[in-house]
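# Residue-level structure breakdown
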Amino acid sequence: MGRFRKLGKFLLILSITGFVAIIVFVLSVGLGAFGHLQSREELTNYKNAQASVVLSGSGELIGKFFSENRTNVSFYELPPHLVNALIATEDIRFYKHKGYDVKSFFRVIVKTILLNNRRAGGGSTITQQLAKNMYGRANYGSLTILVNKVKEIILARRIEKSFSKQEILLLYLNTVSFGENVYGIEAAARRFFNKEVKDLNIEEGAVLIGILKANNLYNPRLYPVNAKNRRNVVLGQMKKYNFLEPAAADSLMNLPLVHNYLNYEAGGPADYFLYQVKQEAASILGDIGNSTGHLWNIEEDGLVITTTLDLQLQNYANEAFKEHLVVMQARLNKQYESRSGRRAAEIVANRELKRLNMDGRAEEISLLDYSDSTEIKPVTVRDSMIMAVKILHAGLLAINPVTGAVKAWVGGIDFKTHPYDQVLARRQLASTFKPVLYAEAFEEGMRPCDYLENDSITDSGIDGWTPSNFDNTYGGKYSLAGALVHSMNVPTYNLFLNVDFDRLDSLWQKMGFSYTINNYPSLPMGIAEANIREVAIAYSAFANGGYKITHHCIESIMTQSGELIWQNKYEKPEEKILSDYTVSVMRAILRKAVTSGTGVAMAGTYGVTLPFAGKTGTSTDYADAWFSAFNPSLVIVSRVGASSPAIHFNSGSYGSGSALALPLVARTLKKVQDNKKLSAELISPFPGLPEELASELDCPDYKEITFIENVLDFFRSNRKTFDREVTKPEQKLKEPGDKSNEPGEKESFFRRIFQKRPKK
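This report concerns the structure included in the present document.

Rules used throughout
- Residues numbered from 1 in each chain as written.
- Predicted model: local features only at pLDDT ≥ 70, side-chain atom pairs only at ≥ 80, totals over all residues.
- Heavy atoms only, no water.
- Helix = DSSP H or I, 4+ residues; strand = E, 2+ residues; numbered from the N terminus.
- Buried < 20%, exposed > 50% of the residue type's maximum accessible area, 1.4 Å probe, protein only.
- Contact = heavy atoms within 4.5 Å.
- Areas by Shrake-Rupley, 256 points an atom, 1.4 Å probe, with all protein chains shown as cover.
- Disulfide = S-S within 2.5 Å.
- Phe/Tyr/Trp six-rings, centres within 6.5 Å; stacked < 30°, edge-to-face > 60°.
- Lys NZ or Arg CZ within 6 Å of the ring centre and 35° of its normal.
- Pairing = 2+ DSSP bridges.
- Salt bridge = Lys/Arg side-chain N within 4 Å of Asp/Glu carboxyl O.
- Axes fitted to C-alpha atoms, helices over the stretch in contact; angles between N-to-C directions.
- Parallel < 35°, antiparallel > 145°, perpendicular 65-115°, else oblique.
- Arc of directions from axis to C-beta.

Attention now moves to the overall build of the chain. For the chain, the count of helices and strands is 28 helices and 19 strands. Residues counted as buried form 51% of the 760 residues belonging to the chain. Within the chain, counting contacts between residues at least 6 apart in sequence, those at least 24 apart form 73% of the total. As presented, the chain carries roughly 35,900 Å² of accessible surface, and 52% of it is formed by carbon and sulfur atoms.

Right, here's the structure in full:
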């Protein structure tokens, strides 16, 4: 009997000691012995890092900027079935407890800690899970589970005193992780079903709640069978606790799992554009911070950035890229299958490998093939470089020429594999430069029906170089209008000799180009360099009446609650860089270039009948192809070419501006044309030509030179000598008046009079 009394006394002391130890332990946790424990004030001031959302001009989501991909929603945006699914699955006594569930807690103590059964369940309430989501868990060695559970219980109790049950549910659903760096129910709904959380149906909500148990194992994209089974468990719980009628639950369980996965991080419709938006937004917010002292964080403050982008136009341009470039890439690949082609590609690849100091080791790489997926193959670095140098790169930009608003920006063929933005890549302009030269000629008083010589030039002033026409025909004369419509090089060269270079240089700079041009004889052939954005801004002056514009990507920035932080205030540009006369003439000529000149494929091949003017450009050896089109409401510019000028098509049939770059614009505009609503929004008619101006353009593009004209021309000027100052490095130039290399007068006279002049 005494033995039992001693045992009972021992157990009592042990129990009291254990109880005191537990109290002391809990108090020590609460007092911060195991790390800081947030106060009620800190809890009420808690703020999630929220992703800033980026919207198109009409409000569609096109991307996000975030440290954590999270977009908070209000409680009233949560469908009731979603809340019911959460409670039925995670915490059926949620509305009854005060932050912790004693029954679940002791299950954790006995099964999880004492019996080391990790499958027994966590036993955490929604409020405790919220505490964990808000502040995470620390490592305390063997006491980790116990310390963290106690901390979460204390925090859960404080949370329950600080927030209502609705607020707790909302805070939980806005903080919980769904894997893939996705936080919160709104971001999850966007990622897995491409819809807002308020639009989720019952089975979709059950899928998302199911993910919470193990966000990788039950990911519907990665493991659809697991996700469906887990969804049905959630639906079963809803049936068990009378949130669903049995028949409805059973019917939903029999549905196939369907998701609409959309990851803007992995290839959205406007990745290159988003990069520009982020830079522009950072500049705007920086200016606001400097003036107000309020520093906004674009990745954490949940801003709503509305852009200028027209998502339909952007998608049409993306489609045009796939439709056209997949065909042209196949043709270029075929060209380089020959022995000489393979050798040419190897030379370029080896040069790149040497420049990058890379070897030829084998490794697995992703090979872009213009489809929706990439093919993984083990190849050597050298083989991959050979494939890389043959890839055609392209860019396209569409802007409003009046406001400067960017409407579409396709910076390349694939942002993940080729992030370098082709819209900003500087390349030789070729004939895309000519409208700048002709505009300056008209500014200096020349007229569209003034005629230019088309004689073959034997001495340009540069050893080994003379201008030549694309079709190698010479003779006769071209009007200024005709020479530009048909992109004739020799008449353009002769025009350049009669234009004031300093004034041309000034106009070039006013139109927005950054490249420094020099007084080279080859300048009119387009050796100057520019990027697509600069060309679009320059051609906007032809479209908007002669004004210099600046482009922009953002219309407004707001907080998630709707407070306006910044609004773009459009101001009509004041700097007029072209006269009304020049603008009208250039519009008329470049419209003719599209209807009957080098851009005739717009209507003839692609069926685009919208009112557009435009100009093609083809650089030396077809290294780069350009096409620039404009309308009073839209300027759209494209360029295509491999990364190295040494890789190119061998003929104009595939490599010219009309064959390689124009189709990107034409295919895009044909889709716009077929969309009557969009066409009405984006396209405006050109104003009619004044009667007196129409008469100034009423002359033949080309005319033969008569015998009398030859004689008069000879006695008037003989052959012009290139006598302007030329500064090309390492180039020996003749002194003015030096005729040592010119043909004799007698020879020139008879050639000019009797030589047959082939028509174009």
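The next point concerns the state of the cysteines. The final tally for this structure, using the stated rule, is one disulfide. Through a disulfide, cysteine 449 is tied to cysteine 699; the S-S separation comes to 2.0 Å. Between cysteine 449 and cysteine 699 the sulfur-sulfur dihedral comes to about -95 degrees; the bridge is accordingly left-handed. Residue cysteine 449 is found in the loop between α16 (434-443) and β11 (451-453), and its partner cysteine 699 is found in the loop between α26 (691-696) and β19 (702-703); the two are separated by 250 residues along the sequence. Residue classification places cysteine 699 among the buried residues on the basis of a relative accessible area of 17%.

Scanning all chains against the criterion turns up twelve aromatic pairs. Ring geometry for phenylalanine 94 against tyrosine 95: centres 5.2 Å apart, planes inclined by 75 degrees, an arrangement best described as edge-to-face. Taking 5.6 Å as the distance between ring centres and 55 degrees as the angle between the ring planes, the aromatic pair formed by phenylalanine 433 and tryptophan 508 counts as tilted. Taken together, the residues phenylalanine 433 in the loop between β10 (427-428) and α16 and tryptophan 508 in helix α19 (residues 501-510) connect sequence positions 75 residues apart. What makes tryptophan 508 buried here is its relative accessible area of 0%. Feature note: the residues Tyr539, Phe542, Phe630 and Phe686 constitute an aromatic cluster, connected by ring pairs. The ring of tyrosine 547 carries the charged tip of lysine 576 above its face, separated from the ring centre by 4.8 Å.

This part covers the environment of valine 326. Following the sequence through the fold, valine 326 ends up in helix α13 (residues 311-335). Taking C-alpha positions, valine 326 is 9.5 Å from leucine 392, a pair spaced 66 residues apart along the chain.

Okay, the pairing of strand β5 (residues 304-307) next. Neither face of β5 is exposed, since Val304 and Thr306 on one face and Ile305 and Thr307 on the opposite face are all buried. Where strand β1 (residues 52-55) meets β5, three bridges bridge the pair, whose relative direction is parallel. Within the sheet, the bridge partner assigned to leucine 55 lies in β5 and is threonine 306.

Let us look at the pattern of salt bridges. Counted according to the given criterion, the structure contains 24 salt bridges. Between glutamate 323 and arginine 667 there is a salt bridge, with the nearest N and O atoms lying 3.4 Å from each other. Taken together, the residues glutamate 323 in helix α13 and arginine 667 in helix α24 (residues 657-674) connect sequence positions 344 residues apart. Classification of glutamate 323 by relative accessible area gives partly exposed; the value is 32%. With a closest N to O distance of 2.8 Å, glutamate 681 and lysine 677 form a salt bridge. One end of the pair is glutamate 681 and the other is lysine 677, both in helix α25 (residues 676-682) and four residues apart, which spans about a single turn. Given a relative accessible area of 48%, glutamate 681 falls into the partly exposed group. By relative accessible area, which is 61% here, lysine 677 ends up exposed. By sharing partners, the salt bridges in this structure join Glu186, Arg190, Glu196, Lys198 and Asp199 into a single network.

Direction vectors running N to C along helix α10 (residues 224-240) and helix α11 (residues 246-253) enclose 180 degrees, while the axes themselves pass 9 Å from each other. Regarding the angle of α10 to α11, the classification is roughly antiparallel. Within the contact between the two elements, α10 uses Lys228, Arg231, Asn232, Leu235, Gly236 and Lys239 and α11 uses Pro246, Ala249, Asp250, Leu252 and Met253.

We now examine the sheet that holds β19. What the three strands build is an open sheet, ordered β11-β12-β19; its pairing is antiparallel. Only two strands of the sheet have a single neighbouring strand rather than two, namely β11 and β19. When β11 meets strand β12 (residues 477-479), the two strands line up antiparallel, connected through three bridges. Opposite glutamate 453, over in β12, you have lysine 477 as the bridge partner. Sheet strands touched by helix α18 (residues 489-497): β11 and β12. Its angle to β11, the strand with the most contacts, is close to 105 degrees.

Another point: the sheet that holds strand β15 (residues 564-567). The strand order across the open sheet formed by five strands is β2-β1-β5-β14-β15, and the pairing between neighbours is mixed. Edge positions in the open sheet fall to β2 (61-65) and β15, since each of these has one partner strand only. Each adjacent strand pair in this sheet contributes to an overall mean axis angle of 20 degrees, direction not counted. Relative to strand β14 (residues 554-558), β5 is paired through four bridges, and the arrangement is antiparallel. Bridge assignment links isoleucine 305 to a residue of β14, and that residue is isoleucine 557.

Buried within α11 are the following residues: Ala249, Leu252 and Met253. Angular distribution of buried residues about the axis of α11 spans 100 degrees; they occupy a single face of the element. Looking at the buried residues of α11, the elements they touch are α9 (202-211) and α10.

Moving on, we come to unusual backbone geometry. Residue glutamate 180 is not a glycine yet carries a positive backbone phi of 55 degrees. Tracing the backbone through its elements, the reader meets glutamate 180 in the loop between α7 (165-175) and β4 (182-183). On the accessibility criterion, glutamate 180 (25% relative accessible area) is partly exposed. Even without glycine at this site, asparagine 242 takes up a positive phi of about 65 degrees. Following the sequence through the fold, asparagine 242 ends up in the loop between α10 and α11.

Just distances and angles here, no functional claims.
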